[in-house]
Amino acid sequence: MASRLDGKVAIVTGAGATGNEEFASIGQAISVLLAREGAKVLLVDLDEKSADITLAQIKEEGGETSVFLGDVTSSDDCRGMAEQAVSRYGKLTVLVNNVGISGPGRVTDVDEDFWDRVIDVNLKSVMLTSKHAIPKMIEAGGGSIVNLSSIVGLRAGSFTASHPYAASKGGIIGLSNSMAVHYGRDNIRVNCLAPGHIRSPMVARQSHNATEEVLDLRRKAGPLGTEGTAWDVAWATVFLASEESRWVSGVTLPVDAGLLAATPLAMYRQIKDSG
């Protein structure tokens, strides 16, 4: 174990392993790296089997961790996870809101029940977890909240429209900015990560995004020309959770190979070339 997060106690939602040993999910990678850097980590997930995979990996490496099975759209469960972090580890100083679902749908044809479900899981959950975590962080003298948004919260970034997902991820950015301002005097920092074209289990499950042609275009669209992984997002989370970022709050940090810095025309030759 390293020491960048010594003394920190973290909750990570959506912490279960939904990929495989060579293809980690974002929540799994975040949880593992937080533990490697010295944090005690409460793994929150609905799926006990996937949570136990992350649990076993951290314990095998010597980290301190445990599982809370709960639904982030339930206020009672969100209260329970905050209370359990404090009862098990003595305090709560880091909250990582990683849960997210997606699916196709434009405003002219989206199913209303699906819209409500995406908003609840992706956006309402950030409010509920923060509602119950922030008082515990204040008791601990402050903390860091890291919310997982997406480049889709800033730009239209998919071949297939998912307007509920875009709205939820944009909402996370606005909510994070307001929270950063209104809890700053409590020594609570709130920041967002906006992952770009990450090769994640979520992408792999979406057949329209997982063809070799599409994956190649996703890679070429970023100025770095390489594919992102869950570990890239996890390292950015470590930074925002640590004291290295003690003066950083209200920021949305893209983790996207420079994608948001470029227009399609700027990348035309790279996308057009087969290399």
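Keep in mind it's a predicted model, so treat the numbers as computed, not measured.

Student: Lay out the sheet that holds strand 3 (residues 65-69) with the relevant residues and their values.
Tutor: With respect to topology, 7 strands assemble into an open sheet ordered 3-2-1-4-5-6-7, the strand pairing being parallel. One side of each edge strand has no neighbouring strand; the edge strands of this open sheet are strand 3 and strand 7 (252-255). With strand direction ignored, the average angle separating the axes of adjacent strands in the sheet is 20°. In the sheet, strand 5 (residues 143-148) pairs with strand 6 (residues 188-195) via 6 bridges, with the strands oriented parallel. Across the sheet, residue asparagine 147 finds its bridge partner in strand 6, namely cysteine 192.

Student: Could you give an account of the environment of cysteine 78, with specific residues and numbers?
Tutor: Mapped onto the secondary structure, cysteine 78 falls in helix 3 (residues 75-89). The spacing of cysteine 78 and arginine 246 is 168 residues in sequence and 26 Å in space, taken between C-alpha atoms. Apart from residues lying up to four places away in sequence, cysteine 78 is in contact with Asp71, Val72, Leu128, Thr129 and His132.

Student: Lay out the nonpolar core with the relevant residues and their values.
Tutor: One finds Ile30, Leu34, Val96 and Leu193 to be the most contacted residues of the largest nonpolar core, which totals 33 residues. Contributing elements (two or more residues each) for this core: strand 1 (9-13), helix 1 (26-36), strand 2 (40-45), helix 2 (48-60), strand 4 (94-97), strand 5 and helix 8 (230-241). Apart from residues no more than four positions distant in its own chain, leucine 193 is found in contact with Val146, Asn147, Leu148, Ser149, Ser150, Val233, Ala236, Thr237, Leu240, Leu253 and Val255. With 24 residues, the next largest nonpolar core counts Ile11, Val99, Ile134 and Ile145 among its residues.

Student: Describe a negative patch on the surface, and please don't skip the residues or the numbers.
Tutor: Side chains of Asp111, Glu112, Asp113 and Asp116 sit close together on the surface and give a patch of like negative charge. Position of aspartate 111 relative to the elements: it lies in the loop between strand 4 and helix 4 (112-140).

Student: Requested: an account of the pattern of salt bridges, with residues and values cited.
Tutor: Applying the stated criterion across every chain yields a total of 8 salt bridges. Where arginine 219 meets aspartate 216, a salt bridge forms, and the shortest distance between an N and an O atom there is 2.6 Å. With arginine 219 and aspartate 216 both in helix 7 (residues 212-221), this residue pair falls 3 residues apart, about one helical turn. For aspartate 216, a relative accessible area of 27% translates into the label partly exposed. Look at the salt bridges and you will find they share partners, linking Asp216, Arg219 and Lys220 into a network.

Student: Run through the pairing of strand 6, naming residues and quoting values.
Tutor: Burial within strand 6 is extensive, with 8 of its 8 residues counted as buried. Neither face of strand 6 is left uncovered, since the one carrying Ile188, Val190, Cys192 and Ala194 and the one carrying Arg189, Asn191, Leu193 and Pro195 both have all their residues buried. Crossover connection from strand 5 via helix 5 (residues 163-182) to parallel strand 6: handedness right-handed. Bridging between strand 6 and strand 7 involves 4 bridges; their strand directions are parallel. Counted as the bridge partner of cysteine 192 is threonine 252 from strand 7.

Student: Quick one: what's the story with the pairing of strand 1, residue by residue and with numbers?
Tutor: Of all the 5 residues making up strand 1, 5 are buried; the element is thus mostly covered by neighbouring parts of the structure. Neither face of strand 1 is exposed, since Val9, Ile11 and Thr13 on one face and Ala10 and Val12 on the opposite face are all buried. Where strand 1 meets strand 2, 5 bridges bridge the pair, whose relative direction is parallel. Bridge pairing in strand 2 links valine 12 to leucine 43. Looking at chain direction, strand 1 and strand 4 are connected through 3 bridges and run parallel. Residue pairing in the sheet places isoleucine 11 in a bridge with leucine 95 of strand 4.

Student: Please set out the confidence of the model for the protein chain residue by residue, giving values where relevant.
Tutor: Considering every residue of the protein chain, the mean pLDDT works out to 93; 94% of them sit at 70 or more. For the protein chain, the element scoring lowest by mean pLDDT is helix 6 (residues 201-205), at 64; strand 4 scores highest, at 99.

About the criteria used
- Residues numbered from 1 in each chain as written.
- Predicted model: local features only at pLDDT ≥ 70, side-chain atom pairs only at ≥ 80, totals over all residues.
- Heavy atoms only, no water.
- Pairing = 2+ DSSP bridges.
- Helix = DSSP H or I, 4+ residues; strand = E, 2+ residues; numbered from the N terminus.
- Axes fitted to C-alpha atoms, helices over the stretch in contact; angles between N-to-C directions.
- Contact = heavy atoms within 4.5 Å.
- Core = buried A, V, L, I, M, F, W, Y, C linked by side-chain atoms within 4.5 Å.
- Buried < 20%, exposed > 50% of the residue type's maximum accessible area, 1.4 Å probe, protein only.
- Patch = residues over 30% accessible without salt bridge, like charges linked within 9 Å, V, L, I, M, F, W, Y side chains within 5 Å.
- Areas by Shrake-Rupley, 256 points an atom, 1.4 Å probe, with all protein chains shown as cover.
- Salt bridge = Lys/Arg side-chain N within 4 Å of Asp/Glu carboxyl O.
- Lys, Arg positive; Asp, Glu negative; His and termini not counted.
- Charge placed at Lys NZ, Arg CZ, Asp CG, Glu CD.
- Right-handed = clockwise from strand over helix to strand, strands pointing away.
- pLDDT = per-residue confidence, 0-100.

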